[in-house]
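Here are the chains, one letter per residue:
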2 protein chains.
Amino acid sequence: MKTHLMTFQNTSIIMGEDLTESRILEDACKTNTVVLLADNYVAELYGKKLQGVLQKAAKEVFLLTFPEGEASKSRSVKESLEDQMQAKGLGRDTTLIGLGGGVTTDLAGFIASTYCRGIPLVLMPTSLLAMVDASIGGKTGVNTPYGKNLIGTFYLPQTLIIDFDFLQSLPPKSLGEGLVEVIKVALTCDEDLFHQIELLGESLFKVGHSLKEIVKKACEIKLKVVAEDFEEKEGMRRILNFGHTVGHALEKFFKYEMPHGCAVAFGVIAESYMALEISLLKKTHFDRVVKVLKPFLEKRNFDIKEVYEYMALDKKSKNQEARFVLIDSIGQALPFDGEYCTSVEQEIVLNALHFIREL
Amino acid sequence: MKTHLMTFQNTSIIMGEDLTESRILEDACKTNTVVLLADNYVAELYGKKLQGVLQKAAKEVFLLTFPEGEASKSRSVKESLEDQMQAKGLGRDTTLIGLGGGVTTDLAGFIASTYCRGIPLVLMPTSLLAMVDASIGGKTGVNTPYGKNLIGTFYLPQTLIIDFDFLQSLPPKSLGEGLVEVIKVALTCDEDLFHQIELLGESLFKVGHSLKEIVKKACEIKLKVVAEDFEEKEGMRRILNFGHTVGHALEKFFKYEMPHGCAVAFGVIAESYMALEISLLKKTHFDRVVKVLKPFLEKRNFDIKEVYEYMALDKKSKNQEARFVLIDSIGQALPFDGEYCTSVEQEIVLNALHFIREL
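Given the structure is predicted, the values throughout are model-derived calculations rather than measurements.

So, on to the interface of chain A and chain B. Opposite the 37 residues of chain A that make contact, chain B presents 37 residues. In this assembly, chain A packs against chain B so that about 3400 Å² is buried in total across both faces, 45% of it on carbon and sulfur atoms. Among the residues of chain A in contact with chain B, A:Gln86, A:Arg92 and A:Arg117 are the three that bury the most area, contributing 24% of the side total. For the pair chain A and chain B, the interface holds six salt bridges. Put simply, A:Glu82 and B:Arg75 hold a salt bridge, and the shortest N to O gap is 2.7 Å. Between the two partners, chain A and chain B, sit 14 residue pairs in polar contact (both at pLDDT 80 or more). Counting only elements with at least two residues in the side of chain A that touches chain B, the list comes to helix 3 (75–87), helix 4 (102–114) and strand 8 (147–151) of chain A. Broken down by element, the residue count for the side of chain A that touches chain B peaks at seven residues, all from helix 3 of chain A. Looking at the side of chain A that touches chain B residue by residue, the classes come out as ten nonpolar, 13 polar and 14 charged.

On to the side chain of B:Asp229. All names here are of chain B. Relative to the helices and strands, Asp-229 is located in the loop between helix 9 (209–228) and helix 10 (244–253). Among buried charged residues, Asp-229 stands out as having no salt bridge; its nearest opposite-charge side chain is Arg-237, 6.4 Å away. Setting aside residues up to four positions removed in sequence, Asp-229 forms contacts with Glu-234, Gly-235, Met-236 and Arg-237.

Further remarks concern the sheet that holds strand 2 (residues 11–16) of chain A. Residues and elements named next belong to chain A. Spatially, seven strands are ordered 1-2-9-6-5-3-4 in an open sheet, and the strand pairing comes out mixed. One side of each edge strand has no neighbouring strand; the edge strands of this open sheet are strand 1 (4–8) and strand 4 (60–66). Recorded for the sheet is a direction-independent mean angle of 15° between the axes of neighbouring strands. Relative to strand 4, strand 3 (residues 33–39) is paired through seven bridges, and the arrangement is parallel. Across the sheet, Ala-38 pairs through a bridge with Thr-65, a residue of strand 4. Here helix 3 sits on the sheet in contact with strand 3 and strand 4, set at roughly 155° to strand 4.

All names here are of chain B. The seven strands lie next to each other as 1-2-9-6-5-3-4, forming an open sheet whose pairing is mixed. Two strands lie at the open edges of the sheet, namely strand 1 (4–8) and strand 4 (60–66), each paired on one side alone. For this sheet, the mean angle separating the axes of adjacent strands, direction not counted, is 15°. When strand 1 meets strand 2 (residues 11–16), the two strands line up antiparallel, connected through five bridges.

Quick notes on the rules
- Here the residue numbers are simple positions, counted from 1 along each chain's written sequence.
- Here chains are named by letter from A upward and ligands by number from 1 upward, in the order in which they appear as written.
- Residue-level local features of this predicted model are given only where pLDDT is at least 70; pairs of side-chain atoms are given and counted only at 80 or more, and the full residue set underlies all totals for whole chains, interfaces and linings.
- The side-chain quantities take in all heavy atoms of the structure and omit both hydrogens and water.
- By definition, residues are in contact when any of their heavy atoms lie within 4.5 Å.
- As used here, buried area is the combined drop in accessible area, with a 1.4 Å probe, of two parts when they are placed together.
- Any carboxyl oxygen of Asp or Glu that lies within 4 Å of a side-chain nitrogen of Lys or Arg is treated as forming a salt bridge with it.
- Each polar contact in these results corresponds to two N or O atoms within 3.5 Å; when the atoms are within protein, one needs to be able to donate a hydrogen and the other to accept it, and residues that are neighboring in sequence are counted only if both atoms are side-chain atoms.
- Secondary structure elements are taken from DSSP: a helix is a run of H or I of four residues or more, a strand is a run of E of two residues or more, and numbering for both begins at the N terminus.
- Residue type decides the class: Asp, Glu, Lys and Arg count as charged, Ala, Val, Leu, Ile, Met, Phe, Trp, Tyr, Cys and Pro as nonpolar, and the leftover types, Gly among them, as polar.
- For every residue, the accessible area obtained with a 1.4 Å probe (protein chains only) is divided by the maximum for its type, and the residue is called buried under 20%, exposed over 50%, and partly exposed between those limits.
- Counted as positive: Lys and Arg. Counted as negative: Asp and Glu. His and the chain ends are not counted at all.
- The criterion for strand pairing is that DSSP finds at least two bridges linking the strands in question.
- For helices, the fitted axis covers only the stretch in contact; all axes are lines through C-alpha atoms, and the angles between them, taken along N-to-C directions, range from 0 to 180 degrees.

This is a description of form; function is not addressed.
Pasting the structure below:
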């Protein structure tokens, strides 16, 4: 696959291989001063190398790191990183590069959007999840004790660099995190893509031409949805939240120790189960959903009542009642008068939670 | 003066008297749930009354308060208020009303812009400073140990309600805070307005028809400048920062115990002095600047070197060097190739600081 270029609003999106060594990164940073933000693990693996590349191009580069993991997506880590930047006297003429998975791209985006009321942002996702989901569409944020992504902004990078080389070093489990979001996107608006995934079967987990084509397709779909409804005001963008009302509640129950992909896989099945029980979704389609997502589930027990209560905190809630994205067939999310989500009877929601707990 | 209506981007701006009792506030809140944010002092004075007005209109209203004063414009107060909102299970369908001075409108704006990635905001400034400056133009933010407004966003209220009745209860000192910003705006782009202010002399401090006309004019000018350059990317908006490179550094030196108006008055004089020394500004014009601003100064000693160093942290800095907005006559800020600010020789900056210290 050759280098592939797209633009979205003012973001240049560059996709391909072997991008980090090239002049692409250098060109993406328009300022002399650059902060390269990565977690400890990614800093060790790629951060120092990229710092060298930029230093060769005569940039002043500060490599800032934070502890690996979801717990770093917090207001206190944000504050500590801001303070480190301020202590170096960095002003608005500083480019922030977020290098890493979704935690890093979300955190970097949020910092860039509020540092001096906004500094230039470049994102280099290193995980599949960040490539197809976190780094596309401008959502930034941190978690709070009350839930995920509850505090954040909409802020677009100037440049998004998707370098497939990063995928080579990912363990299959991490790849799975991203694949679940690809499957989710396919289920809500692209039957063909879902069918392509079904056909691949186990070779879905191999980083090769097919996977890259699927990633490219998923990115394109997500950009199209986001372009329709950037700040999630019209409703359309909500379809990207399919599986997430349940998924986020599960993550909260497991104190963010359940992988996001696993939680969303459970969530997509649960929310498809609701559609099945309201007679929106055919049983044959529901079975296909379960079959494709089964490899991503890790069996765990949870308290149904507690998970149910957490759902009300979801950002799609209306009058403190949880709402769900529902599909009526593979590749088709229901519009519900442009809201793209709806409340569901308590009994059906509880049945869905029972169903996934027994899977 | 009758109720005066303007719109800026998607903000409705309503100016006039006796607005709080009317349906204006009720109509401004499109959601059933409302958070009314005010400091302890304003909450006691007006908060409970407004809560009652909204409750009569069948809104669920939570009155959240925080300690009065600039120290509350912090990341920790923001976090605590967010947590209180989350503990009540409030989601995206909540309108946040910021009722108070600049601290409150800046804090409310920042919270609204990041809570669930953005909730509807209504601003009701109660101080002159907030009416003519803080609440207009979408700048939000908090201070950090490194400086003022270093972390924040650009976020516009849906409705801005400027009720001149609030001014009646303000002490002259608080009125002065706002007048300095009006004078600053006049100096950078409206000679007529400056002349009007000169003619008023001491009656400038009387809340009457003339003051209201001046406020209305200042708001219109600020809106025009902001419309040209909303996110301060083009440069034009920087003229609103006249006097603030020095002013902010002074405030930092005095640990934010020097009133903002006083600091900016010193700053405007210092930065006019620089223009005088570079032979941009005539001595007669400079003398008029000093004369109008003198009533706003409170004599205090400061360390020149320390204040000089703080300036480099200013958001207009380039390559870690402070920059200043300069005027070449009353009502005329210089464009400097569209940057609207420039660096100034160290010796001249130090002379300017000496000059204001001796005033």
